[in-house]
Amino acid sequence: MTTDTALLDFTITPNAHPMAEADRLTAFENLGFGTLFTDHMTVIQWDIDKGWHSAEVKARAPFQIDPAASVLHYAQEIFEGMKAYRTPDGRITLFRPEENARRFNKSAARMAMPDVPEELFLKAVEELVKIDAKWVPEGEGSLYLRPFMFASETFLGVRPSRQYIFCVIASPVGPYFKGGGKPVTLWVSEDFTRAGPGGTGAAKCGGNYAGSLLAQAEATKRGCDQVVFLDAAEHRWVEELGGMNVFFVMNDGTIVTPPLAGTILPGITRASIIKLATENGLNVVERPYSFEEWQNDATSGKLREAFACGTAAVVAAIGTVRHAGGEFVIGNAGTGMETEKLRNQLTGIQRGTVADSHGWVKDVTLA
Ligand code: PLP
Ligand code: COI
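Sequence order as written defines residue numbering, which begins from 1 separately in each chain. Chain A is the first chain written and ligand 1 is the first ligand written, with later ones labelled in order. Residues qualify for local features only when their pLDDT is at least 70, as the model is predicted, and side-chain atom pairs are given and counted only at 80 or more; totals for whole chains, interfaces and linings, by contrast, use all residues. Side-chain calculation: all heavy atoms of the structure are included, whereas hydrogens and water are not.

## A word on the overall build of the protein chain
Then step 1. In DSSP terms, a helix is any run of H or I states spanning at least four residues, a strand is any run of E spanning at least two, and both are numbered starting from the N terminus. Along its length, the protein chain carries nine helices and 18 strands.
Then step 2. At 21 Å, the protein chain has a C-alpha radius of gyration in line with the 21 Å of a compact globule built from 367 residues.
Then step 3. For the protein chain, the C-alpha atoms occupy an extent of roughly 60 × 50 × 35 Å along the three principal directions.
Then step 4. The rule is simple: take the accessible area with a 1.4 Å probe, protein chains only, and divide by the maximum for that residue type; under 20% is buried, over 50% is exposed, in between is partly exposed. Considering the protein chain as a whole, with its 367 residues, one finds that 51% of them fall into the buried category.
Then step 5. We call two residues contacting when some pair of their heavy atoms lies within 4.5 Å. Put simply, of all contacts in the protein chain between residues at least 6 apart along the chain, 72% involve residues at least 24 apart.
Then step 6. Across the protein chain, the centroid of the 35 positively charged side chains sits 1 Å from that of the 44 negatively charged ones. For a compact globule the rule gives 2.2 Å times the number of residues to the power 0.38, and the radius of gyration it is set against comes from C-alpha atoms. Positive charges come from Lys and Arg, negative ones from Asp and Glu, while His and the chain ends are left out of the count. Where a charge lies is defined by one atom per residue type, namely NZ (Lys), CZ (Arg), CG (Asp) and CD (Glu).

If you want it as structure tokens, here you go:
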């Protein structure tokens, strides 16, 4: 079903009880990840007869959904993660937002959900950023945006829902990891896998994360920041972390990252790093990399650096890797030059302090 979204007007109703300025500024002094939320949300409804309709920006509030809403039973839900930044010259920007819109629709297609036209997705995000502009922190912080869609039909049969809610919420954030910029420690899960061939690994659906939580809890129990998943077929090849992609920097100027073979999320940060690293003269190789090779390369010194990357985590150096059989340290325990260079380039572009020669940054027009 197609919808002429150009005709879809957004009804904008400002929150009558926004957070007091003083309270917001106090909260900004100690930003963590995902616990503080802005005053508003965008909500758009879809049903099989009308398509997308009733677009609203309004006070952030709980949903009322029926206990039989199909998302609560069959987990038909997808989401995105993106950030708005405040630049030193006072602009508010988004980083490659159309890539999030495209990936959202790929996730939607995999989960048998309706397409959200790209311009509608972008408008929903931008309207929220505009009304909550004062919530975009300065300096190191950013406004994390979480567009998501779920099946809202009241129906227990197992088939795609005929009603959906698309929503965008926003959360001012600081560093994802508690240690701030300190190198992270990883736990390699050799029993639990995240995604199999033909499954939903390349989609950003809630179910993938539900399935990762036990492995992540195990990582936390072992004193690690993130879990690393190996492939489901052989439990041999490194895939990705619970919420980020992974790169390996070798001593010969090669940088290796697992290929997009359908079981890992095609990260927008990953794609941006591949581009920047290639322009920096590194030889970027997308190829399967085994856990065994990882251990051998770290031990021999061939592997100089490794890092995790994603919207929430940005670029995080990996220091130590633990697994059932022991642990190993990478290079200089996670203080690598290439990692730092790529992080500075990427965050500089995102924050408007490094020239954006790729056209990745989009200004949000506040007026
Ligand atoms: N892999 C997983 C499982 C993720 O949740 C994320 C975060 O969104 C990523 C990779 C990185 O994707 P992106 O760089 O688009 O944020
Ligand atoms: C993101 O980086 O946007 C994610 O969704 C990953 C999650 C760890 C918050």
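That was the structure; now back to the text.
## Brief notes about helix H4 (residues 118-131)
Then step 1. For H4, which comprises 14 residues, the first-to-last C-alpha distance of 20 Å matches the rise-based estimate of 20 Å (1.5 Å per residue) to within 8%.
Then step 2. Every buried residue belonging to H4 is among Leu120, Phe121, Leu122, Ala124, Val125, Glu126, Glu127, Leu128 and Val129, and all of these are buried. To estimate the expected span of a helix, count its residues, drop one, and scale the result by 1.5 Å.

## Points about the packing of helix H3 (residues 97-110) against H4
Then step 1. At a minimum axis separation of 9 Å, H3 and H4 run at an interaxial angle of 125°. In terms of orientation, H3 lies oblique with respect to H4. Note that H3 runs across H4; the crossing there is right-handed. Contacts between H3 and H4 pair Pro97, Glu98, Asn100, Ala101, Arg102 and Phe104 from the former with Glu118, Phe121 and Leu122 from the latter.
Then step 2. Three residue categories are used. Nonpolar comprises Ala, Val, Leu, Ile, Met, Phe, Trp, Tyr, Cys and Pro, charged comprises Asp, Glu, Lys and Arg, and polar comprises the others, including Gly. When its residues are assigned to classes, the contact of H3 with H4 shows five nonpolar, one polar and three charged. Here the axes come from fitting lines to C-alpha atoms, over the contacting stretch only for helices, and the angles between their N-to-C directions go from 0 to 180 degrees. Angle categories: roughly parallel below 35 degrees, roughly antiparallel above 145, roughly perpendicular from 65 to 115, and oblique for all the rest. When the near helix sits turned anticlockwise from the far one by under a right angle, the crossing is termed left-handed; a clockwise turn instead gives a right-handed crossing.

## Some details on the domain arrangement of the protein chain
Then step 1. Here the bounds of each domain stem from an automatic or database domain assignment. Under the domain assignment used here, the protein chain contains domain 1 (5-173) and domain 2 (184-351).
Then step 2. Between domain 1 and domain 2, the C-alpha centre-to-centre distance is 28 Å.
Then step 3. Across the contact, 25 residues belong to domain 1 and 21 residues belong to domain 2.
Then step 4. Two parts placed together each lose some accessible area under a 1.4 Å probe, and adding up what both lose gives the buried area. Between domain 1 and domain 2 lies a buried interface of about 1900 Å² when both sides are counted; carbon and sulfur atoms form 58% of it.
Then step 5. Of all residues in domain 1, the largest losses of buried area upon contact with domain 2 belong to Phe79, Phe95 and Arg103, amounting jointly to 33% of the total for that side.
Then step 6. Contacts described as polar in this section are N or O atom pairs within 3.5 Å, which, within protein, must combine one atom able to donate a hydrogen with one able to accept it, while residues neighboring in sequence count only if both atoms come from side chains. Across the domain 1-domain 2 interface, the total number found is 12 residue pairs in polar contact (both at pLDDT 80 or more).

## Points about the site of ligand 1
Then step 1. Taken together, 17 residues lie near ligand 1, and Arg103, Tyr209, Glu240, Thr269 and Thr311 sit nearest.
Then step 2. A distance of 2.6 Å is found between an oxygen atom of ligand 1 and a side-chain nitrogen or oxygen belonging to Thr311.
Then step 3. Burial of ligand 1 by the protein amounts to 96% of the accessible area it has alone, namely 380 Å².
Then step 4. Every element with two or more residues in the shell around ligand 1 is listed here: strand E11 (238-241), helix H7 (268-279) and strand E15 (303-310).
Then step 5. A breakdown of the residues in the shell around ligand 1 according to their chemical character gives six nonpolar, seven polar and four charged. Here a residue is near a molecule or strand as soon as one of its heavy atoms is found within 4 Å of it. For every accessible area listed, the method is Shrake-Rupley and the probe measures 1.4 Å; residues are considered covered only by the protein chains on display.

## Quick notes on the site of ligand 2
Then step 1. The immediate surroundings of ligand 2 are formed by Phe79, Gly81, Tyr144, Arg146, Tyr176, Lys204, Gly243, Thr311 and Ala312.
Then step 2. One of the side-chain nitrogen or oxygen atoms of Tyr144 is found 2.6 Å away from an oxygen atom of ligand 2.
Then step 3. Contacts to ligand 2 include Ala312, whose backbone N or O atom sits 2.8 Å from an oxygen atom.
Then step 4. In isolation ligand 2 has 280 Å² of accessible area, and contact with the protein removes 90% of it.
Then step 5. Residue composition of the shell around ligand 2, by class: four nonpolar, three polar and two charged.
Then step 6. Each of domain 1 (5-173) and domain 2 (184-351) gives at least three residues to the shell around ligand 2.

## Section: unusual backbone geometry
Then step 1. A positive phi angle, close to 50°, is found at His235, a residue other than glycine.
Then step 2. Structurally, His235 is set in the loop between strand E10 (226-230) and E11.
Then step 3. Overall, the relative accessible area of 34% leaves His235 in the partly exposed class.
Then step 4. The phi dihedral of Val314 falls on the positive side, at around 60°, and the residue is not glycine.
Then step 5. With respect to the helices and strands, the residue Val314 is situated in strand E16 (residues 314-323).

## Quick look at the nonpolar core
Then step 1. Within the largest apolar cluster, 53 residues are counted, with the highest numbers of intra-cluster contacts made by Ile44, Trp52, Phe121, Leu145, Met149 and Phe166.
Then step 2. Here this core gathers at least three residues from each of two domains, domain 1 (5-173) and domain 2 (184-351).
Then step 3. Apart from the residues within four sequence positions on either side, Met149 is in contact with Trp52, Gln76, Glu77, Ile78, Phe104, Ala108, Met113, Pro114, Val116, Tyr164, Ile165 and Phe166. We define a nonpolar core as any set of buried Ala, Val, Leu, Ile, Met, Phe, Trp, Tyr and Cys residues linked to one another through side-chain atoms lying within 4.5 Å.

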